There are 2 protein chains.
Amino acid sequence: MNNSSLDPLFKPSSIVVIGASERKGSVGRAIMENLLGIDSERKFHGKIYAVNIKGGTVFGLKCYRSVLEIDDKIDLAVIAIPAPSVPKVLDECGAKGVKGAIVISAGFSEVGEEGRKLEEELLKVARKWGIRVIGPNCLGIYSPVSNLDTIFNPSDRQGKPELGNIAFLSQSGALGAAFLDYCAKENLGLSYFVSYGNAADVDESDLLLYLSEDPHTKVICMYLEGVKNGRKFVRVASEVSLKKPIIIFKSGKTRYGEKAAKSHTGALSGNAKIFEAVAKKCGIILVDTIEELFEVAKAFSKIDLPMGKEIAIVTNGGGAGVIAADAVEEYGLVLKEFPENIKAALRKILPPHASVENPVDILGDAPVERYEKVIRVVLDAKPDAIIVIALLQSPAIDHLKFVRILTSIKMETNIPLLAVLPGGSLVLEISKQLEKHNIPVYSTPEKAVKVLMYMNKYATWQREKKKRILVHPIARK
Amino acid sequence: MNNSSLDPLFKPSSIVVIGASERKGSVGRAIMENLLGIDSERKFHGKIYAVNIKGGTVFGLKCYRSVLEIDDKIDLAVIAIPAPSVPKVLDECGAKGVKGAIVISAGFSEVGEEGRKLEEELLKVARKWGIRVIGPNCLGIYSPVSNLDTIFNPSDRQGKPELGNIAFLSQSGALGAAFLDYCAKENLGLSYFVSYGNAADVDESDLLLYLSEDPHTKVICMYLEGVKNGRKFVRVASEVSLKKPIIIFKSGKTRYGEKAAKSHTGALSGNAKIFEAVAKKCGIILVDTIEELFEVAKAFSKIDLPMGKEIAIVTNGGGAGVIAADAVEEYGLVLKEFPENIKAALRKILPPHASVENPVDILGDAPVERYEKVIRVVLDAKPDAIIVIALLQSPAIDHLKFVRILTSIKMETNIPLLAVLPGGSLVLEISKQLEKHNIPVYSTPEKAVKVLMYMNKYATWQREKKKRILVHPIARK
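The rules behind each value
- Residues numbered from 1 in each chain as written.
- Chains lettered and ligands numbered in written order.
- Predicted model: local features only at pLDDT ≥ 70, side-chain atom pairs only at ≥ 80, totals over all residues.
- Heavy atoms only, no water.
- Helix = DSSP H or I, 4+ residues; strand = E, 2+ residues; numbered from the N terminus.
- Rg over C-alpha atoms; globule rule 2.2 N^0.38 Å.
- Contact = heavy atoms within 4.5 Å.
- Areas by Shrake-Rupley, 256 points an atom, 1.4 Å probe, with all protein chains shown as cover.
- Least-squares fit on C-alpha atoms with pLDDT ≥ 70 in both.
- Axes fitted to C-alpha atoms, helices over the stretch in contact; angles between N-to-C directions.
- Parallel < 35°, antiparallel > 145°, perpendicular 65-115°, else oblique.
- Left-handed = near helix turned anticlockwise from the far one by under 90°.
- Nonpolar A, V, L, I, M, F, W, Y, C, P; charged D, E, K, R; others polar.
- Buried < 20%, exposed > 50% of the residue type's maximum accessible area, 1.4 Å probe, protein only.
- Arc of directions from axis to C-beta.
- Patch = residues over 30% accessible without salt bridge, like charges linked within 9 Å, V, L, I, M, F, W, Y side chains within 5 Å.
- Salt bridge = Lys/Arg side-chain N within 4 Å of Asp/Glu carboxyl O.
- Lys, Arg positive; Asp, Glu negative; His and termini not counted.
- Charge placed at Lys NZ, Arg CZ, Asp CG, Glu CD.
- Disulfide = S-S within 2.5 Å.
- Buried area = accessible area lost by both parts, 1.4 Å probe.
- Polar contact = N/O pair within 3.5 Å; in protein donor to acceptor, adjacent residues only side chain to side chain.
- Pairing = 2+ DSSP bridges.
- Phe/Tyr/Trp six-rings, centres within 6.5 Å; stacked < 30°, edge-to-face > 60°.

Caption draft 1: Representation of the overall build of chain A. Along chain A, the regular secondary structure elements total 16 helices and 20 strands. A compact globule built from 477 residues should have a C-alpha radius of gyration of about 23 Å, and chain A, at 25 Å, falls within 12% of that. The dimensions of chain A, computed from C-alpha atoms along their principal axes, are 80 × 50 × 40 Å. Here the analysis covers contacts within chain A between residues at least 6 apart in sequence; of these, 74% occur between residues at least 24 apart. Accessible surface computed for chain A: about 18,600 Å², of which carbon and sulfur atoms make up 53%.

Caption draft 2: Just the relation of the copies chain B and chain A, in detail. Screw-axis analysis of chain B against chain A gives a translation of 0.0 Å along the axis, an RMSD of 0.0 Å, and a rotation angle of 180°. Overall, the copies show the geometry of a two-fold rotation axis. When the interface residues of chain B are mapped onto chain A, 100% of them again fall at the interface, so both copies present the same face.

Caption draft 3: Quick look at the packing of helix H13 (residues 368-380) of chain B against helix H14 (residues 399-412) of chain B. Residue and element names in this part refer to chain B. Packing of H13 against H14 brings their axes to within 10 Å, and their N-to-C directions diverge by 15°. Comparing their axes, H14 and H13 come out roughly parallel. Two packed elements cross with a definite hand, and for H13 against H14 that hand is right-handed. Across the interface between the two elements, Val368, Glu369, Tyr371, Glu372, Ile375, Arg376 and Leu379 of H13 pack against Lys401, Phe402, Ile405, Leu406, Ser408, Ile409 and Glu412 of H14. In terms of residue class, the contact of H13 with H14 is built from eight nonpolar, one polar and five charged.

Caption draft 4: Structural context of helix H9 (residues 272-282) of chain B. All names here are of chain B. Restricting attention to buried positions, one finds in H9 the residues Phe275, Val278, Ala279 and Cys282. The buried residues of H9 occupy an angular sector of 100° when projected down its axis, which confines them to one face. Opposite the buried face of H9, by more than 90 degrees, sit the exposed residues Lys273, Lys280 and Lys281. Downstream of H9 by one or two residues, Gly283 has phi in the positive range, about 75°.

Caption draft 5: Here's a closer look at a positive patch on the surface. Residues and elements named next belong to chain A. Positive charge collects at one region of the surface, where Lys281, Arg463, Lys467 and Arg468 lie side by side. A per-element tally of the positive patch places helix H16 (residues 445-471) first, with three residues. When you line up the elements, Lys467 lands in helix H16. The exposure class assigned to Lys467 is exposed, which follows from its relative accessible area of 53%.

Caption draft 6: Representation of the state of the cysteines within the structure. Residue and element names in this part refer to chain A. Overall, the coordinates contain zero disulfides over all chains when judged by the stated rule. Sulfur of Cys93: no disulfide; nearest cysteine sulfur belongs to Cys63 and is 14 Å away. We classify Cys93 as buried; its relative accessible area is 0%. Distance from the sulfur of Cys221, which forms no disulfide, to the nearest cysteine sulfur (Cys183) is 6.8 Å.

Caption draft 7: Here's a closer look at the environment of Ser170 of chain B. All names here are of chain B. The topology assignment puts Ser170 in strand E10 (residues 163-170). Note on Ser170: relative accessible area 1%, which makes it buried. Once the C-alpha coordinates of Ser170 and Glu204 are considered, the two residues, 34 residues apart in sequence, prove to be 8.8 Å apart. Those residues within four positions of Ser170 in sequence are excluded, and the remaining contacts are Gly176, Phe193, Val194, Ser195, Tyr196 and Tyr223.

Caption draft 8: Seen up close, the interface of chain B and chain A. At the junction of the two partners, chain B supplies 72 residues and chain A supplies 72 residues. Taking both sides of the interface into account, the surface hidden between chain B and chain A amounts to around 5,200 Å²; carbon and sulfur atoms contribute 62%. Contact with chain A buries surface across chain B, with Arg157, Tyr256 and Gln393 of chain B losing the most and accounting together for 15% of the total. Where chain B meets chain A, there are six salt bridges. Between Lys253 of chain B and Glu330 of chain A there is a salt bridge, and its shortest N-O distance comes to 3.7 Å. Remark: the boundary between chain B and chain A carries 28 residue pairs in polar contact (both at pLDDT 80 or more). Top element by residues in the side of chain B that touches chain A is helix H11 (residues 318-330) of chain B. It accounts for 10 residues. Among the residues forming the side of chain B that touches chain A, the class breakdown is 31 nonpolar, 23 polar and 18 charged.

Caption draft 9: The sheet that holds strand E12 (residues 219-224) of chain B, seen in detail. All names here are of chain B. What the seven strands build is an open sheet, ordered E9-E8-E11-E10-E12-E13-E14; its pairing is mixed. The two strands at the open ends of the sheet, each matched to only one other strand, are strand E9 (148-149) and strand E14 (285-286). Summarising the sheet, E12 and strand E13 (residues 246-250) pair through five bridges and their orientation is parallel. Looking at the pairing, Cys221 lines up with Ile247 of E13.

Caption draft 10: Just the pattern of salt bridges, in detail. Scanning the entire structure with this criterion turns up 64 salt bridges over all chains. Between Asp91 of chain A and Lys128 of chain A there is a salt bridge, with the nearest N and O atoms lying 2.8 Å from each other. On the criterion of sequence distance, the pair formed by Asp91 of chain A in helix H3 (residues 86-96) and Lys128 of chain A in helix H4 (residues 113-129) is long-range, its members being 37 residues apart. For Asp91 of chain A, a relative accessible area of 27% corresponds to the partly exposed category. Residue Lys128 of chain A is classed as exposed on the basis of its relative accessible area of 55%. The salt bridge partner of Glu292 of chain B is Lys450 of chain B, with a shortest N-O separation of 2.7 Å.

Caption draft 11: Summary view of the sheet that holds strand E12 (residues 219-224) of chain A. One open sheet accounts for seven strands, arranged E9-E8-E11-E10-E12-E13-E14 (chain A); its pairing is mixed. Every other strand in the sheet has two partners, leaving strand E9 (148-149) and strand E14 (285-286) of chain A as the edge strands with one partner each.

Caption draft 12: Quick look at helix H8 (residues 255-264) of chain B. When H8 of chain B is considered as a whole, its buried residues turn out to be Tyr256, Gly257, Ala260, Ala261 and His264 of chain B. Seen from one end, H8 of chain B has its buried residues packed into an arc of 125°, which puts them on one side. When the buried face of H8 of chain B is taken as reference, the exposed residues oriented beyond 90 degrees from it are Arg255, Lys259 and Lys262 of chain B. In this structure, the buried side of H8 of chain B is in contact with helix H11 (318-330), strand E16 (334-335) and strand E17 (360-361) of chain A.

Caption draft 13: Fine view of the packing of aromatic side chains. Following the criterion strictly, the structure yields 26 aromatic pairs over all chains and no others. On the numbers, 4.9 Å between centres and 80° between planes, the contact of Phe10 of chain A with Tyr192 of chain A is edge-to-face. Taken together, the residues Phe10 of chain A in helix H1 (residues 7-10) and Tyr192 of chain A in strand E11 (residues 190-195) connect sequence positions 182 residues apart. Across the pair, Tyr192 of chain A and Phe10 of chain A agree in class, each one buried. Measuring from ring centre to ring centre gives 6.4 Å for Tyr458 of chain B and Trp461 of chain B, while their planes differ by 15°; the resulting arrangement is stacked. In this pair, Tyr458 of chain B and Trp461 of chain B are both assigned in helix H16 (residues 445-471), three residues apart and thus about one turn of the helix distant. The class of Tyr458 of chain B is buried, set by a relative accessible area of 3%. Through pairs of rings, three or more aromatic residues link up here, namely Phe168, Phe179, Tyr182, Phe193 and Phe294 of chain A.

Caption draft 14: Local environment of the side chain of Gln393 of chain B. Within the secondary structure layout, Gln393 of chain B lies in the loop between strand E18 (385-389) and H14. In this structure Gln393 of chain B comes out as buried when scored by relative accessible area, which is 1%. Within polar-contact distance, the side chain of Gln393 of chain B engages the backbone oxygen of Pro422 of chain B at 3.3 Å. Beyond its immediate stretch of four places on either side in the chain, Gln393 of chain B contacts Asn153, Pro154, Arg157, Gln158, Ala177, Ala178 and Asp181 of chain A together with Pro422, Gly423, Gly424 and Val427 of chain B.

Below you can see the structure in the form of structure tokens.
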């Protein structure tokens, strides 16, 4: 099966919800509400059909008793009915010519021997008709691209992010949903969120490969407990990493975690050291915490890759500069050394007792104009990335002007620009505005520097890999 | 000088603001506004006097030309005038009998040789009259205890937290203010915030000692670049740690950081390894990031010390349980092993395919009642701490009931209880409610586990230290 076989899952023109319902609290109702855009502005772009053995209507739509009764072509079936009925219903979908199915229903391999058999049966039916299946035991897909949305958590407690260029794959449904909610709060735009559950058919490697060719997706991030097929994963990840960054948080790293993972998704999480080695070989960005997954994805989503390790830092708070300098060294980066002409130019701009070394401390009384002048001079030194730290509590800073000046500098330079804005509620407002203009903002200096460390690691891997491919094109195979 | 000499700084009955003004954007105006409670509900509890050489009135108060003209006893002078005039004005304060001064003014040792001389002069005057001085070059004190507040950042951009039991000392003013703002957003209550600037007189050790006896303060956290007097610091910190936890984020740990710190506060940050050894010896909790400072302080502020390393975890999301289990092992803690009777009791409560091992995965369809029953059984196993993870996006959870049940369990047990609630905006609301009832909430499992690691380290230090003191009482000296 080739990669375009996933098109019906990601780009359906018509959907049928099997198990559609108006019953309060039911999964079938929640999915219908999502697709019809009842609680939101997000109506699915294609045609929607409802199936329920009880017949009747659902939200004014005719409810067919079987998919076979529908007199139209159907691309994707979303199945939310008790597990034992799934294989039979999937068989009908096959007969109808449906080529994609998201099986929400739980009660398969995750519940033991009997469920395992049911999952095998499901898979047999899928193979018979050439249906690609996501799930079972999953939340499915959320995508602002077409407003495909099978995430059935109630809308009053499940935030859903706007359109963006980050794809997020989660082996865990519940945790995935929580971080989908987090992305909404953080204004982190997504192209696709996929909770793929037991991965009976479509697995993490298939999804990676598909998204590597998706024009809406620039970065792929994953929560992973274990991979289904190690060899396939290594092959796919190495290929994909050449095109797009893959950022992974992997759990099940320790003895305790492995045991817990086994009882959770049944995943053999495998030796942590081996996965680390695989990640290194494949150019995967393996992050330390689940939060970093999104902090790193944000940077990849908004800025270019740094061309090297030399970082410049501009700050109105000396303390924050010290923390940033520590982080630069701790994470193996380098503080750009300024040549004499740059220092001379800084000396002209700055008050006499300010430091013209990197980090440049422009002092607590610095107005936005001083920021602007200093940043421009520092960019002339051609650092590989610049971190602008601003303690916006200072009375000297005009916040609107700060946003204006930083965004206009961002437009003029190719040098990756990150901002660090420690603080409270007001700061969040300013951060939002900067991030709209593709300046990633972090709440502490350490976070911004660590993100650059990850980016630099990836850039280095990519450069070296591409060089090798140029020299020995066969090595790519 | 003994410790009560700091009383006029922390518990003044009357304050004079020298440099008081109505001029917009001036420091003297901001401080007057704070003390008079003009932009907030927080009026200073004692008497307020204004001094400005220009005379006139400030916000309806008579403005004296010199502190000597005031016909009342003054405890504390807040000085915000140009640096060169400070020694003379401080001398008048001495003559008036003022025993405490917060010198906001910058332009002392931080600006070079001339400033250093001025600072020496200031110190000489202070010693002559026995005035204890905080600063110069600082933001001073913010405290909801008496609404003493010399933080002069405009109120529209500087959040200030409510009353709580955490004291926060910052060597950096600007960074301190940013994290004061952060505390306000995070609803982290403070007893005192002190930005102590150049520490010409009162240094970090004096402040530690004073706060160790302050009844409002349960936990002390510090941002530190370097200590003024190493020997004194070791002696004081060892004493204080026996009574209250001291949590420190120290910057200037690397070659880069040290250089930046030197140009910032002039602090000799010293060798990182040495400071680590000092911290270990003194029972100081040395955290890895500035954010951890507050995450750890929150736990100390709200829960008892764990008596050991055995952690229990209850979760409605398997993935989050796996992450927590990994963290427990990575941070050197232990998953409590449940005896057979506990497992049997859990088996009775849980669906057949749920795990009765620790972490207990009560499954995604768990209602609050299942949480309640499971937590009670798990507490019967007497773990040293329990982490309750809840993915509140689940449709099965009644949020109000969740808060009610968790808070009532909290009331009934001495076992430290922490919550982990990953997600977005709604989750923040629930977190606030739980934290009001002294259940510290974290956004990821790793954070909660790491906090317990720090607490356990401190508890172990304290137990061993106290044992040694009992055996060799002289060792305490």
